[in-house]
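Observations on chain architecture
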Amino acid sequence: MKHLCLEMARLALNKVREIQQLDESKRKEYLTLARKLGSMIIQNGLIGTVIFLKKKDSVILTHLEDMVRQQTQVNISEPMQILDKDYFRIQIVALEVSKWLKRYAEILLGGD
């Protein structure tokens, strides 16, 4: 039996390690967005957050999409396609993903 929290933690760690290879400005941008991601989802909802991150063309959106898809088998890159009955469940998973991305971004990318 897989432990979902452990699986999510490992995936987040691998995603953030990818960012360590990028230049300083990209690392800082990722860290800033990782720190704000959970609040953005709570304040704006998942749909608003995905649309905003698409406009910013941020790699954190790809990480969020991949990790949510792995947990729910739902593609959030087209948020208007998410069924109403699934929306809050998927948003909760996205919040959990944001927690892990933030945790590892702060550890690996120089957070205080």
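Residues numbered from 1 in each chain as written. Predicted model: local features only at pLDDT ≥ 70, side-chain atom pairs only at ≥ 80, totals over all residues. Heavy atoms only, no water.

What to know about the pattern of salt bridges
A side chain of one charge can pair with a side chain of the opposite charge if their charged atoms are brought near each other. Our working rule: Any carboxyl oxygen of Asp or Glu within 4 Å of a side-chain nitrogen of Lys or Arg constitutes a salt bridge here. A helix here means a DSSP run of H or I that spans at least four residues, while a strand means a run of E at least two residues long, and both kinds are numbered starting from the N terminus.
Counted under the stated rule, the structure contains nine salt bridges. A salt bridge links Glu 24 to Arg 27; its shortest N-O distance comes to 3.2 Å. Placement of both Glu 24 and Arg 27 in helix α2 (residues 24–56) is noted, with a separation of three residues, approximately one turn of the helix. Where Glu 78 meets Lys 54, a salt bridge forms, and the shortest distance between an N and an O atom there is 3.7 Å.

Overview of helix α4 (residues 84–108)
In an α-helix there are 3.6 residues to a turn, and that puts residues three or four apart on one side. Our working rule: Under the convention used throughout, the expected extent of a helix is 1.5 Å for every residue step, that is, one less than its residue count. Relative accessibility thresholds used throughout: buried, under 20% of the residue-type maximum; exposed, over 50%; partly exposed, between the two (1.4 Å probe, protein chains only).
For α4, which comprises 25 residues, the first-to-last C-alpha distance of 36 Å matches the rise-based estimate of 36 Å (1.5 Å per residue) to within 8%. Among the residues of α4, Asp 86, Tyr 87, Ile 90, Gln 91, Val 93, Ala 94, Val 97, Ser 98, Trp 100, Leu 101, Tyr 104 and Ala 105 are the ones counted as buried. Immediately beyond the C-terminal end of α4, within one or two residues, lies Gly 110, with a positive phi of roughly 95°.

A few points about helix α3 (residues 59–72)
The end-to-end C-alpha distance of α3, which contains 14 residues, comes to 20 Å, matching closely the 20 Å that a straight helix rising 1.5 Å per residue would cover. Taken together, the buried positions of α3 are occupied by Ile 60, Leu 61, His 63, Leu 64, Glu 65, Met 67, Val 68, Gln 71 and Thr 72. Positive backbone phi, approximately 60°, marks Gln 73, located one or two places after α3.

Section: the packing of α2 against α4
Each pair of packed helices can be described by the angle between their axes along with the distance between the axes. The condition is simple: Helix axes are fitted to C-alpha atoms over the stretch in contact, other axes to C-alpha atoms as well, and angles between N-to-C directions run from 0 to 180 degrees. Angular relationships are summarised with four words: roughly parallel below 35 degrees, roughly antiparallel beyond 145, roughly perpendicular across 65 to 115, and oblique for the angles in between. A clockwise turn of the near helix away from the far one marks a right-handed crossing, whereas an anticlockwise turn of less than a right angle marks a left-handed crossing. Contacts were defined at the residue level, with two residues in contact if any of their heavy atoms lie within 4.5 Å. Any residue outside Ala, Val, Leu, Ile, Met, Phe, Trp, Tyr, Cys, Pro, Asp, Glu, Lys and Arg is labelled polar, Gly included; the first ten of those are nonpolar and the last four are charged.
Look at α2 against α4: their axes get within 8 Å of each other, and the N-to-C directions meet at 165°. Relative to α4, the element α2 is oriented roughly antiparallel. In the crossing of α2 with α4, the sense of the turn from one axis to the other is left-handed. Of α4, the residues touching α2 (which contributes Tyr 30, Leu 31, Ala 34, Arg 35, Leu 37, Gly 38, Ile 41, Ile 42, Gly 45, Leu 46 and Ile 47) are Tyr 87, Ile 90, Gln 91, Ala 94, Leu 95, Ser 98, Leu 101, Lys 102, Ala 105 and Glu 106. Its residues assigned to classes, the contact of α2 with α4 comprises 14 nonpolar, four polar and three charged.

So, the nonpolar core
Using the following cut-off: To define a nonpolar core, start from buried Ala, Val, Leu, Ile, Met, Phe, Trp, Tyr and Cys residues and group those joined through side-chain atoms within 4.5 Å.
Judged by nonpolar contacts, the single largest core of 33 residues is most densely connected at Tyr 30, Leu 46, Ile 60, Val 68, Ile 76, Val 97 and Leu 101. Contributions of two or more residues to this core are made by α1 (4–20), α2, α3 and α4. Considering each element in turn, this core owes the most residues, ten residues, to α2. Ignoring anything within four residues of it in the chain, the contact list for Ile 60 reads Tyr 30, Leu 33, Ala 34, Leu 37, Leu 53 and Leu 101.

Regarding unusual backbone geometry
Positive phi outside glycine occurs at Asp 57, with the angle close to 55°. Here Asp 57 is to be found in the loop between α2 and α3. For Asp 57, a relative accessible area of 68% corresponds to the exposed category. Unusually for a residue other than glycine, Gln 73 sits at a positive phi of about 60°. Following the sequence through the fold, Gln 73 ends up in the loop between α3 and α4. Taking the relative accessible area as the measure of exposure, Gln 73 reaches 63% and is therefore exposed.

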